[in-house]
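Below, each chain spelled out in residue letters.
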Amino acid sequence: MLTQDPKNALVQDQSPSSNLDLLDITAPHEPTTGNGVSFAGEKPTPKQERFPLKIGTFSKTFRVRGINSIGTRLFLSVMGSALVGLGGLSLFIYNTLLADGKRNISDQVNEQVAELEASLEVIEQHVTLLGSAVNFLKSQKITSPQVYQDLAFQYFLEMPEAAFGLGFGQTPRGITPQRQWFFPYYYYDQEVPGQIGTRLNAPYSNVFYSELSSDNDSTAYYTQSYYLTPVETQKELWVEPYASYGALIATYATPIFDKVQKTLLGITNIDINLETLGKNLSESEVVEGAGYFILISANDRLIFYPPAPPNLPPEGEEMPLANTVPDLGRLLPLLAGNEGLLEDRETDSFWAYKRMKGTNWLLIANVPRSVVLRPVLFSTISGTLITGILLSVVVIIFVRWLNKRLQPILDECSKLAQADEAMVEQLAGEDEISRLSSSFFNLLEAQNRILDRQQAEAKRAELLERIARLRQEEEVLPLIQQVLEDMRQTLGVDRVSFQRIHANNNPPAKVVAEAVGSQAPELLGKDLGTLTQTLLDLSLS
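Residue indices follow the written sequence of each chain, beginning from 1 at its first position. Residues qualify for local features only when their pLDDT is at least 70, as the model is predicted, and side-chain atom pairs are given and counted only at 80 or more; totals for whole chains, interfaces and linings, by contrast, use all residues. Side-chain metrics in this entry use all non-hydrogen atoms of the structure; hydrogen atoms and water are not considered.

## As for the overall build of the protein chain
Strands are runs of DSSP state E lasting at least two residues, helices are runs of H or I lasting at least four, and both sets are numbered from the N terminus onward. Each helix and strand counted, the protein chain has 9 helices and 16 strands in total. For the protein chain, the proportion of its 541 residues judged to be buried stands at 37%. Whether two residues are in contact is decided by their heavy atoms, any of which lying within 4.5 Å being enough. Intrachain contacts of the protein chain at a sequence separation of at least 6 include 59% that bridge at least 24 residues. Computed by Shrake-Rupley with a 1.4 Å probe, the accessible areas treat only the displayed protein chains as cover when residues are assessed. When the accessible surface of the protein chain is summed, it comes to about 30700 Å², and 54% of that surface belongs to carbon and sulfur atoms. The cut-offs for exposure are 20% and 50% of the maximum accessible area for each residue type, with area from a 1.4 Å probe on protein chains only; residues under the lower value are buried, those over the upper are exposed, and the others partly exposed.

See the structure below:
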């Protein structure tokens, strides 16, 4: 509300009015031209700093290389994890293949033992049948030595290939009472000097017949272990190998019992040349054309040792003990049970062993570790390399595809980067994902700054508009003061006031002229239309 007082001073009415909108302009005037405008207490902001995000291009396109690349990190992460997995898998494959190699050695030993046992079992069965035939003739009261001699020759001709001599010997007068000692024995010519007995006529000229009780008193059968041992034990057995006629001999003996009288009649005897078994073993390969077999008797005497074949002992004597060989002397105490496998680092080899049934002989196979490990390592390493290469190719293809999809986005992020060296260096040192993240948040921050600046500009524009309106009012104020003075003089009162009513910044609704003075109220009816309209026009200007 503006009031014209008697002193012609235009003042602001201090009376409150809830429906009046009187502008309270307190901010100082700022120039409308120049580099910018500011509020009270704020420094002017240069125009070039109002929008921190610049749209432009750099002199080069950033491409992430080396360890900072997400592709490189992905490749290293995947391949690192894969290599750990492949390492564990390789170890598993290595152990599995190594176990298979060891099992193969043991299987070869088992196979050779089975073949030897089968061959010896045929020999055992044959000589057992001979004992049964002798027992049958005895039960038929046949006492003629010639009949028993012919029986021995018949079984000699039918004996297995590995055997070279066969016969049977009686206890004192046990089979034929006509003689105290009787042992008809046939054997093949060993082609060595000193063979006892009589050579047969053709077609059996390669066969000798010997009566072991009389042909050589020094070697009479009743003084030899192949007779004494089964007689004492009254059990079938394999006699420890011994030298005979320039060959290594193994003898199998079985007792002959009178089933009626329950008495021991004698023993059957069959001899085999162990060189035949040794030849078969020497021609047998353990694995991959490598390794060799060793055969040891029940009393740990050498039968067959390919690395250093032992010399044949004198006639009738047993072979040397196995512990005279350094490697075997160290190995034998370590053998536990009837079969197994040892890994010997000193000789860098595997030792597989198994005892044979019946003879209780020990068959040992020696195989160099390199023969087993070489294919194992080759299979393990080649399989791991092939798997690793295939996996790396797949990962590289995926990484290239990922980089191809990311690069256009990264190029646009480079264009939207802040044009300062710090930001350029920061982006250049980050991977693709970090660059995308940094660029996104930088763009988001820039957008927020733009919105803040736009709001500030809007407020600044509103303020400038209000300042302009105040300036216009200041120019109109002297004219309003003159009109009010004319109205006061026309009315002849002490004071004239008017009110400009606003409703939510809408145009004025009406103008009220109020006269307060000494004149009567009817003086208000004077013609003030022109002055009132002039006042209204000034207030709207």
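## A word on the sheet that holds strand β6 (residues 207-211)
Between any two strands, pairing holds if DSSP finds at least two bridges. One open sheet holds the 7 strands; their spatial order is β5-β6-β4-β3-β9-β8-β7, and the pairing between them is antiparallel. Edge strands, defined here as strands with exactly one partner in the open sheet, are β5 (198-199) and β7 (237-244). Here helix α2 (residues 145-157) sits on the sheet and contacts β3 (163-170), β4 (184-188) and β6; the angle it forms with β4, its principal contact strand, is near 30°. Orientation is described by lines fitted to C-alpha atoms, with helices fitted over the stretch in contact, and by angles between N-to-C directions that extend from 0 to 180 degrees. On the sheet, helix α4 (residues 274-282) packs against β7, β8 (247-258) and β9 (263-273) and is oriented at approximately 45° with respect to β9.

## With respect to the pairing of β8
Of all 12 residues that make up β8, 11 are buried, and the element is covered over most of its length. The turn joining β7 and β8, which pair antiparallel and follow one another in sequence, is formed by 2 residues; a positive phi near 55° is taken by Tyr245. Relative to β9, β8 is paired through 10 bridges, and the arrangement is antiparallel. Bridge assignment links Asp258 to a residue of β9, and that residue is Thr263. Between β8 and the antiparallel strand that follows it, β9, lie 4 residues; Lys262 among them carries a positive phi value of about 60°.

## Examining the environment of Tyr186
As for its placement among the helices and strands, Tyr186 is situated in strand β4. Residues Tyr186 and Arg199, 13 residues apart in the sequence, show an inter-C-alpha distance of 9.6 Å. Once residues within four sequence positions are removed from consideration, Tyr186 is found in contact with Gln149, Ala152, Phe153, Phe156, Phe164, Gly165, Leu166, Leu200, Val207, Phe208 and Tyr209. Whenever two N or O atoms come within 3.5 Å, that pair is a polar contact, provided that in protein one can donate a hydrogen and the other can accept it, and provided that, for residues adjacent in sequence, both atoms are side-chain atoms. At a separation of 3.4 Å, a polar atom in the side chain of Tyr186 contacts the side chain of Gln149.

## Side note on the pairing of β6
The element β6 is largely enclosed, with a buried count of 5 among its 5 residues. Here β6 shows no split at all, with Val207, Tyr209 and Glu211 on one side and Phe208 and Ser210 on the other all buried. Here β5 runs beside β6; their pairing, made up of 2 bridges, is antiparallel. Along β6, the bridge assignment pairs Thr198 with Tyr209.

## Details of the nonpolar core
Residues enter a nonpolar core if they are buried and are Ala, Val, Leu, Ile, Met, Phe, Trp, Tyr or Cys, with the set joined through side-chain atoms within 4.5 Å. Membership of the largest hydrophobic core comes to 56 residues, with the highest contact counts inside it found for Ile105, Ile272 and Trp361. Residue contributions to this core peak at 12 residues, all from helix α1 (residues 70-139). Counting residues in each nonpolar core, the second largest holds 18 residues, with Phe164, Tyr226, Tyr242 and Ala247 among its members.

## Here we look at the packing of aromatic side chains
Ring geometry is summarised as follows: Phe, Tyr and Trp rings, the Trp one being its six-membered ring, pair when their centres sit within 6.5 Å, and such pairs are stacked at plane angles under 30 degrees, edge-to-face over 60 and tilted between the two. Enumeration according to the criterion identifies 21 aromatic pairs in this entry. Seen in terms of ring centroids, Trp238 and Tyr252 are 5.0 Å apart; in terms of plane orientation they differ by 40°. Their pairing is tilted. Residue Trp238 is found in strand β7, and its partner Tyr252 is found in strand β8; the two are separated by 14 residues along the sequence. With respect to burial, Trp238 and Tyr252 carry one shared label: buried.

## Considerations on the sheet that holds strand β14 (residues 362-368)
If you walk across this open sheet you meet the 5 strands as β11-β10-β14-β13-β12, and the pairing is antiparallel. Each edge of the sheet is formed by a strand with only one pairing partner; in this case those strands are β11 (302-304) and β12 (339-344). Ignoring strand direction, the axes of neighbouring strands in this sheet form an average angle of 25°. Sheet topology places strand β10 (residues 292-296) next to β11; 2 bridges connect them, and they run antiparallel.

## Re the environment of Leu312
With respect to the helices and strands, Leu312 occurs in the loop between β11 and α5 (326-331). Spatially, the C-alpha atoms of Leu312 and Tyr242 are 8.7 Å apart, while their sequence positions differ by 70 residues. Each residue touching Leu312, except ones within four places of it in the same chain, is listed here: Ala243, Gly246, Ala247, Leu248 and Met319.

## A few points about helix α3 (residues 225-233)
Where α3 is concerned, the buried positions are Tyr226, Tyr227 and Pro230. Down the axis, α3 shows its buried residues gathered within 100° of arc, on one side only. Against the buried residues of α3 lie β3, β7, β8 and β9. A positive phi of about 55° marks Gln234, the residue just after α3. What the arc measures is the spread of directions leading from the helix axis to the C-beta atoms.

## Here we look at the side chain of Ser213
Along the chain, Ser213 turns up in the loop between β6 and α3. With a relative accessible area of 12%, Ser213 lands in the buried category. Looking at Ser213, its side chain comes within polar contact range of the main-chain oxygen of Trp181, at 3.4 Å. At 2.5 Å, the side chain of Ser213 and the side chain of Glu211 are in polar contact. The contact partners of Ser213, leaving out residues within four places of it in the chain, are Trp181, Phe182, Phe183, Ala220, Tyr221 and Tyr222.

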